[in-house]
Each structure stands twice: as structure tokens, then as C-alpha cells.
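Read off the chains here:
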Amino acid sequence: MMPKITVEQIVKRKAVVVRPTETVEKVAKILARNKVSSAVVMDKDEIIGIVTDRDILNKVVAKGKNPKEVKVSEIMTKTPITIEYDYDIQDAIELMMEKGVRRLLVTKLGMPMGFVTAADLLAAVNTYNHKEEEAEKEEGEVYGICEVCGQYAQLHRVVHEGYERWVCESCKDMLEG
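What you are looking at is a predicted structure, and each value in this text was computed from that prediction instead of being measured.

Considerations on the overall build of the chain
No. 1: Scanning the chain from terminus to terminus reveals seven helices and 11 strands.
No. 2: Its C-alpha atoms give the chain a radius of gyration of 23 Å, more than 25% over the compact-globule value 16 Å for 177 residues.
No. 3: Taken over the C-alpha atoms alone, the chain extends approximately 75 × 30 × 25 Å along its principal axes.
No. 4: The buried share of the chain, taken over its 177 residues, is 36%.
No. 5: Look at the contacts in the chain between residues 6 or more apart in sequence, and 50% of them connect residues 24 or more apart.
No. 6: Carbon together with sulfur atoms contributes 50% to the accessible area of the chain, which is approximately 11100 Å² in total.
No. 7: Each charge class in the chain can be summarised by its mean position, and for the 26 positive and 30 negative side chains these summaries are 14 Å apart.

As C-alpha cells, then:
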């Protein structure tokens, strides 16, 4: 069972904010300067959309439009999928799968913090799994009294409902099942 890892802990891309009235040319320069692929579109203190480098390619460049004349509001994705900073990464994974998106806008009290991508989530899960494998290798075999059933047996470390317990094989299966 994975420990609670919040999306805030894995945010690598800080939110770059642009206005809906800015030109695509200006936003492309902002994205390039900040080495990011997307920006949050805000009107006053309200998030109204996101614009990505893919939006610029598909909706402006590929259609032969002039980036100096097209406004961000014309190509942005309205009402982006957001997740609050204190949500678990498992929630983020499920939200991405449900909505069919590859990135989520992470917010803190409704204000943009940054983006988390599918690759970020995969890396976090992979890091956790690698640490678990290393911990299992280091532990070796431990024998003692199961904290659930009280039987003497080979024990396994299990995190259940936020608490670490040392349990026998059958109690481990019960707690993890």
C-alpha cells in the first residue's frame, strides 16, 4: 500500500500565468523563456483556461494563422482540469484517466501552483516502488508475534490505515486484500 504522497510533493513545473488578451506570439515567447509547455490563462483572479504549445501548433501554426493577431482566448482550453495541492497522487492518476488528459493544473486554494504530468506521477510511483523493493531486501527474514492474530511466524512489515504493523503472511493478505 502506498503512503500518502501529495501532488504538491511532485509538482516540477511552476504555473506561468498569461492573460486572455495576449497574442499567441507573446505567449509562445513566454513559454520558451520559461521552458514550459503550458500556461494558465487568468482573468483577474479567476482561472479561465490553459494554453499549451500543442494548442499553438494545432490551432495557429498548422492553420496558417498569424500568431501576432490571434489572441490566447481564441485557442485556449476553457475550464482546465484541476486538482488541489493536498490531494493524493492516486487521486491525480484516477482523475487523469477519467478525464483522458496528460496534465493537471495543481491549485492551492483555487490559485494556480503548477502542473503535474502523467510522467511525473509515473516517476513518483516508480520511485516509491523502488524504495519498497530496497527496504524488503534490507529487512531479510523477521520472526516474531503477529500484531494482529498473536501467532508466532515469519513477519512482514505492512502499512495499514497509516500505521506500520508486523504481521504474519495470512494477516498480511487479509490487510492488503
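Things to note about the nonpolar core
No. 1: The biggest cluster of nonpolar side chains holds 17 residues, and the ones touching the most others in it are Ile10, Ile83, Ile89, Leu104, Val106 and Leu121.
No. 2: Only helix H1 (7–10), helix H5 (89–99), strand E7 (103–108), strand E8 (111–117) and helix H6 (118–139) provide two or more residues apiece to this core.
No. 3: Setting aside anything within four residues of it in sequence, one finds Ile10 in contact with Ile5, Ile89, Val116, Asp120, Leu121 and Ala124.
No. 4: Counting residues in hydrophobic clusters, the runner-up holds 15 residues, among them Val16, Leu31, Val41 and Val60.

Digging into the sheet that holds strand E6 (residues 82–84)
Within a sheet, neighbouring strands are paired by backbone hydrogen bonds and run either parallel or antiparallel to one another.
No. 1: Spatially, E1-E8-E7-E6 is the arrangement adopted by the four strands of the open sheet, whose pairing is mixed. Since the sheet does not close on itself, it has two edges, and those belong to strand E1 (13–14) and E6, each with one partner.
No. 2: Where E7 and E8 come together, six bridges link them in antiparallel fashion. Across the sheet, the residue bridging to Val106 is Gly114, located in E8.

Here we look at the pattern of salt bridges
No. 1: Summed over all chains, the structure comprises seven salt bridges.
No. 2: Glu22 is the partner of Lys26 in a salt bridge, and the nearest nitrogen-oxygen pair spans 3.0 Å.
No. 3: Residue Lys26 is classed as partly exposed on the basis of its relative accessible area of 46%.
No. 4: In this structure Glu22 comes out as buried when scored by relative accessible area, which is 14%.
No. 5: Here Arg157 makes a salt bridge to Glu164, at a shortest N to O gap of 2.7 Å.
No. 6: Residue Arg157 is classed as partly exposed on the basis of its relative accessible area of 29%.

Topic: the environment of Cys146
No. 1: For Cys146, the position within the fold is in the loop between strand E9 (142–145) and strand E10 (152–160).
No. 2: As for Cys146 and Glu169, which are separated by 23 residues in sequence, their C-alpha atoms are 9.2 Å apart.

Some points on the pairing of E9
No. 1: In this sheet, E10 lies alongside E9 in antiparallel orientation, the contact comprising four bridges. Across the sheet, Val142 pairs through a bridge with Leu155, a residue of E10.

Regarding the packing of aromatic side chains
No. 1: Taken as a whole and judged by the stated rule, the model has one aromatic pair.
No. 2: Between Lys108 and the ring centre of Tyr85, over which it is positioned, the NZ or CZ distance is 4.7 Å.

Here we look at the confidence of the model for the chain
No. 1: Per-chain confidence: the chain averages 88 in pLDDT, with 91% of residues scoring 70 or above.
No. 2: For the chain, the element scoring lowest by mean pLDDT is H6, at 70; helix H4 (residues 72–75) scores highest, at 97.

Let's talk about helix H3 (residues 53–61)
No. 1: Residues of H3 that are buried: Asp55, Ile56 and Val60. Looking straight down H3, one finds its buried side chains confined to an arc of 95 degrees; they lie on one side.
No. 2: Structurally, H3 contributes buried residues whose contacts are with helix H2 (24–34), strand E4 (46–52), H4 and strand E5 (77–78).

Parameters and conventions
Residues numbered from 1 in each chain as written. Predicted model: local features only at pLDDT ≥ 70, side-chain atom pairs only at ≥ 80, totals over all residues. Heavy atoms only, no water. Helix = DSSP H or I, 4+ residues; strand = E, 2+ residues; numbered from the N terminus. Rg over C-alpha atoms; globule rule 2.2 N^0.38 Å. Buried < 20%, exposed > 50% of the residue type's maximum accessible area, 1.4 Å probe, protein only. Contact = heavy atoms within 4.5 Å. Areas by Shrake-Rupley, 256 points an atom, 1.4 Å probe, with all protein chains shown as cover. Lys, Arg positive; Asp, Glu negative; His and termini not counted. Charge placed at Lys NZ, Arg CZ, Asp CG, Glu CD. Core = buried A, V, L, I, M, F, W, Y, C linked by side-chain atoms within 4.5 Å. Pairing = 2+ DSSP bridges. Salt bridge = Lys/Arg side-chain N within 4 Å of Asp/Glu carboxyl O. Phe/Tyr/Trp six-rings, centres within 6.5 Å; stacked < 30°, edge-to-face > 60°. Lys NZ or Arg CZ within 6 Å of the ring centre and 35° of its normal. pLDDT = per-residue confidence, 0-100. Arc of directions from axis to C-beta.

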